[in-house]
Amino acid sequence: MPRVLSVNVGRRRPVAAKSGTSGIDKRPVAGPVPVRAPGPKGEGGSGLLGDHISDTANHGGDDQAVYAYAREDLDAWEAELGRPLGNGSFGENLTTGGLAVNRAVIGERWAVGDVVLQVSCPRIPCVTFAVWLGERRWVPRFTRARVPGAYLRVLVPGDLVAGARIEVHDVPAHGVTVATAFAALTTEPQLLPLLRDVPELPREDAGAVARRLDGR
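All figures in this text were calculated on a predicted structure; none of them were measured in a lab.

Some remarks on the layout of surface pockets
And step 1. In this structure, the largest pocket occupies an estimated 750 Å³ of space.
And step 2. Along the wall of the largest pocket there are 35 residues; nearest its centre are Asn58, His59, Gln64, Cys126 and Tyr151.
And step 3. For the lining of the largest pocket, the secondary-structure elements that each account for two or more residues are strand 3 (21-22), strand 9 (115-122), helix 2 (127-133) and helix 5 (203-213).
And step 4. Its residues assigned to classes, the lining of the largest pocket shows 13 nonpolar, 14 polar and eight charged.

Here we look at the pairing of strand 8 (residues 109-112)
Successive residues of a regular strand alternate their side chains across the two faces of the sheet.
And step 1. As paired elements, strand 8 and strand 9 share four bridges and run antiparallel to each other. Counterpart to Ala111 in the pairing with strand 9 is Val116.
And step 2. If you look at the hairpin formed by strand 8 and strand 9, you'll find two residues sitting between the two strands, and Gly113 has a positive phi there, around 65 degrees.
And step 3. Across four bridges, the pairing between strand 8 and strand 12 (residues 166-169) is antiparallel. Bridge pairing links Arg109 to His169 in strand 12.

Rules used throughout
Just so you know, the residues in each chain are numbered from 1, in the order the chain's sequence is written. In keeping with the predicted nature of the model, local features appear solely for residues at pLDDT of at least 70, side-chain atom pairs appear and are counted solely at 80 or more, and the whole-chain, interface and lining totals rest on all residues. Water and hydrogen atoms were dropped before computing side-chain values, which therefore reflect all heavy atoms in the structure. Cavities and pockets are defined on a 1 Å grid built over the protein atoms alone: a cavity is a set of grid points where a 1.4 Å probe fits but cannot escape, while a pocket is an open set with protein on both sides within 12 Å along at least five of seven lines, and lining residues are those with an atom within 4 Å of any such point. Grid points are joined across faces, edges and corners, and a volume is the space filled by probe spheres set on the points. Under the scheme used here, helices are H or I runs from DSSP no shorter than 4 residues and strands are E runs no shorter than 2 residues, and both carry numbers assigned from the N terminus. Under the scheme applied, nonpolar residues are Ala, Val, Leu, Ile, Met, Phe, Trp, Tyr, Cys and Pro; charged residues are Asp, Glu, Lys and Arg; polar residues are all the others, including Gly. We treat two strands as partners when DSSP finds at least two bridges between them.

Bear in mind that shape data such as this cannot, by itself, settle questions of function.
Here is the structure:
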């Protein structure tokens, strides 16, 4: 049964990136963490209480309220990088177990205790992520691997807690996965037509897809 292995929140810390600070250093917390829809990007930050986001113009908001990454993918990166990666190392709010996060379909819903989350889009790596990990050419390396993890909306607020089961419901028929959407938005633009008929994509992503397909 898929589960939440840890719920991770980040405090404001100095980082050598444009914003000067970041909450990417996320650590597991004990006990329940309240989660809710934080509001539009630029106004709202993280969906998790106590989780800091510095660059709210580019991160957070309703479509990126929660970020999930699979422990299995962290384990694979541990082996490749030759260093330990604790839960939260990739800046994820939820470290999951037993769930193929990158094969999740855009728009599917996860029931996590009394909380309902919806898969909205893949994570696109940024400079802050590269600075945080300290790996050379990290952004292209991460992009080539196609294991971006998933951003989630909060449809029903409540409390997230480590150990909670994740039940997948309402998987859309279009079948476009997080990994496919990531490839289309990054290295394989020939896949962009698949995203035209994915109404659950964030509005800004859908607009970018439309502009690229229309040659604008």
